[in-house]
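Residue strings, one per chain:
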Amino acid sequence: MIKLLIVEDDTNLSFLIKRKLLKLGDYVVECAEDGYSGILAINNFKPDVVVTDLEMEGMDGNSMIEQIRAKSNNIPIIVLTGKLEFLKQSGANMYLKKPFDVVQLDLNIRLLTGRVDNSVNSYKIGSLE
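Residues numbered from 1 in each chain as written. Predicted model: local features only at pLDDT ≥ 70, side-chain atom pairs only at ≥ 80, totals over all residues. Heavy atoms only, no water.

Chemist: Please explain a negative patch on the surface as it appears in this structure.
Modeler: On the surface, Asp9, Asp10, Glu55 and Glu57 cluster together into a patch of negative charge. By secondary structure assignment, the location of Glu55 is in the loop between β3 (49–53) and α3 (61–70). The class of Glu55 is partly exposed, set by a relative accessible area of 36%. (Patch = residues over 30% accessible without salt bridge, like charges linked within 9 Å, V, L, I, M, F, W, Y side chains within 5 Å. Areas by Shrake-Rupley, 256 points an atom, 1.4 Å probe, with all protein chains shown as cover. Salt bridge = Lys/Arg side-chain N within 4 Å of Asp/Glu carboxyl O. Lys, Arg positive; Asp, Glu negative; His and termini not counted. Charge placed at Lys NZ, Arg CZ, Asp CG, Glu CD. Helix = DSSP H or I, 4+ residues; strand = E, 2+ residues; numbered from the N terminus. Buried < 20%, exposed > 50% of the residue type's maximum accessible area, 1.4 Å probe, protein only.)

Below, the structure is given as C-alpha cells:
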C-alpha cells in the first residue's frame, strides 16, 4: 500500500483526487488543508508521498516543502499548481499543472515510490500512450 498525503485547501478537489486514487487501489490517503496541518500529518501519518498545492492560506506549499527539506526529510513531493510562476526551487520532486489527469498522478506517484510494473512497456495517460 502507498501511503499518500494530499495537502490541498480545496476540499472538493482533495476529495475527488482521494476518491479516484482509492478506486485505482493500493492507496491509503490522508488529507490536510494547509501547510501547517500538512507538517503535522507528515509527522503522524508518515506518508510515502506528499501531493501538495502551492497557493493555500496559512502556510503555503512552498513554505511547507522548505520546512520538510530543512529537516532532511527526502520524502517524495509532487506539486499540483495552476500557476507555474508560484513554483519555487524548494525541493519538490516533480509538478503537475492543473488541470491534470489522476491516472498521470498515479503513474508519477508509482515512479517516485519505485512501484511501477516493469513488465509493462507502455502506460496510457488520457489519450496518450
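From this point, the discussion proceeds with the structure in view.
Chemist: I would appreciate a short explanation of the confidence of the model for the chain in the present structure.
Modeler: Detailed reading of the predicted coordinates is not advisable wherever pLDDT falls low. On average, residues of the chain score 86 in pLDDT, and 84% of them reach the 70 mark or higher. Taken element by element, the chain is modelled with least confidence in strand β5 (residues 94–97), mean pLDDT 88, and with most confidence in strand β1 (residues 2–7), mean pLDDT 97. (pLDDT = per-residue confidence, 0-100.)

Chemist: Please clarify how helix α1 (residues 11–24) should be interpreted in this entry.
Modeler: Helical periodicity: at 3.6 residues per turn, an α-helix aligns residues three or four positions apart in one direction. Here α1 is 14 residues long and its end C-alpha atoms lie 20 Å apart, about the 20 Å a rise of 1.5 Å per residue gives. Among all positions in α1, only Leu13, Ser14, Ile17 and Leu21 are buried. Down the axis of α1, the sector holding all buried residues measures 95°, keeping them to one side. In this structure, α1 carries Thr11, Asn12, Phe15 and Lys23 as exposed residues pointing more than 90 degrees from its buried face. Close packing links the buried residues of α1 with β1, β2 (27–32), β4 (77–81) and α4 (102–113). The opening residue of α1 is Asp10, an N-cap whose side-chain oxygen sits 3.0 Å from the backbone nitrogen of Asn12. Downstream of α1 by a residue or two, Gly25 has a phi angle that is positive, lying close to 85°. (Expected span 1.5 Å × (residues − 1). Arc of directions from axis to C-beta. Contact = heavy atoms within 4.5 Å. Polar contact = N/O pair within 3.5 Å; in protein donor to acceptor, adjacent residues only side chain to side chain.)

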